[in-house]
Amino acid sequence: MMFVQWFLRPALLHLASEQRLVLMHEVLTRFFRGVLIACVLVLVTGFWMIGRVAKSTVQAGGSFDMPIAWWVMAVVGTLMVAIFMHIRFAPFRRLGDAIKFTAWDKAGQALGQIRNLVAVNLTLGVLLIVYVLLA
């Protein structure tokens, strides 16, 4: 997210808007494939690890009370995945459709929405890391 927001996007400002929109769509198409795989892996492994600890604790005769930091990670992580899914299946789809039909204004609006939502996810991710390090 940081690469696209802070390095790629500013480097493309010298291109014509149509070229920039097409290039960003191509880059995000490949990037989002990897993010989708990472989202699935993070959710599955994260909830599996919580379940494994809970099961082991109960089998040992204890009571499992999930630490607050784990709750925060699970909730914020799930929210971040939900935001990504929205990005991928709403504004990103609109971006592709707008490019396909050369509706450059609509493509620019869709890319702006993607940029804003990615900024939200990036902020959530950084805050989550800081919280976990301080907890």
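Scroll up a little and you will see the structure.
A quick note: this is a predicted structure, and the numbers were derived from the prediction, not measured.

Cut-offs used in this document
- Residues numbered from 1 in each chain as written.
- Predicted model: local features only at pLDDT ≥ 70, side-chain atom pairs only at ≥ 80, totals over all residues.
- Heavy atoms only, no water.
- Helix = DSSP H or I, 4+ residues; strand = E, 2+ residues; numbered from the N terminus.
- Buried < 20%, exposed > 50% of the residue type's maximum accessible area, 1.4 Å probe, protein only.
- Contact = heavy atoms within 4.5 Å.
- Areas by Shrake-Rupley, 256 points an atom, 1.4 Å probe, with all protein chains shown as cover.
- Salt bridge = Lys/Arg side-chain N within 4 Å of Asp/Glu carboxyl O.
- Patch = residues over 30% accessible without salt bridge, like charges linked within 9 Å, V, L, I, M, F, W, Y side chains within 5 Å.
- Core = buried A, V, L, I, M, F, W, Y, C linked by side-chain atoms within 4.5 Å.
- Arc of directions from axis to C-beta.

**Student:** Give me the lowdown on the overall build of the chain, citing residues and values where you can.
**Tutor:** Secondary structure summary: the chain contains 5 helices and 0 strands in total. Helices and strands appear in the chain in the N-to-C order α-α-α-α-α. Projecting the C-alpha coordinates of the chain onto the three principal axes gives extents of approximately 65 × 30 × 20 Å. Counting every position in the chain, which comprises 135 residues, the buried fraction comes to 30%. The long-range share in the chain, meaning contacts at least 24 apart out of those at least 6 apart in sequence, stands at 69%. Total accessible area on the chain is roughly 8700 Å²; 70% of this is exposed by carbon and sulfur atoms.

**Student:** How would you explain the pattern of salt bridges if you had to name every residue and give the values?
**Tutor:** If you walk through the whole model with that rule in mind, you get 1 salt bridge. Across the pair Glu-26 and Arg-30 runs a salt bridge, and its minimum N-O distance is 3.2 Å. Placement of the pair is Glu-26 and Arg-30 together in helix H2 (residues 17-59), with a separation of 4 residues, close to one helical turn. On the basis of relative accessible area, Arg-30 is assigned to the exposed category, the value being 52%.

**Student:** So what's going on with a nonpolar patch on the surface? Residues and values would help.
**Tutor:** A grouping of Val-126, Ile-129, Val-130, Leu-133 and Leu-134 is seen on the molecular surface, where their side chains present a nonpolar patch of about 530 Å² in accessible area. Assessed through its relative accessible area of 71%, Leu-134 is described here as exposed.

**Student:** Can you break down the nonpolar core residue by residue, with the values?
**Tutor:** Soluble, globular proteins show a tendency: their nonpolar side chains are buried together. Met-24, Leu-28, Phe-32, Leu-95, Leu-111 and Ile-114 are the most contacted members of the largest nonpolar core, which totals 22 residues. Listed by contribution, the elements that provide at least two residues to this core are helix H1 (2-11), H2, helix H3 (68-89), helix H4 (91-100) and helix H5 (104-134). At 6 residues, H2 tops the list of elements feeding residues into this core.

**Student:** Could you give an account of the side chain of Gln-5, naming the residues involved and the relevant values?
**Tutor:** Topologically, Gln-5 is positioned in helix H1. Those residues in contact with Gln-5, other than ones at most four positions away along the chain, are Pro-10, Arg-115, Val-118 and Ala-119.

**Student:** So, H4: which residues are in play, and what are the values?
**Tutor:** For H4, the set of buried residues is Pro-91, Phe-92, Leu-95, Gly-96, Ala-98 and Ile-99. Viewed along the axis of H4, the buried residues span an arc of 165°, placing them on a single side of the element. Those residues of H4 that are buried lie in contact with H2, H3 and H5. Downstream of H4 by one or two residues, Thr-102 has phi in the positive range, about 50°.

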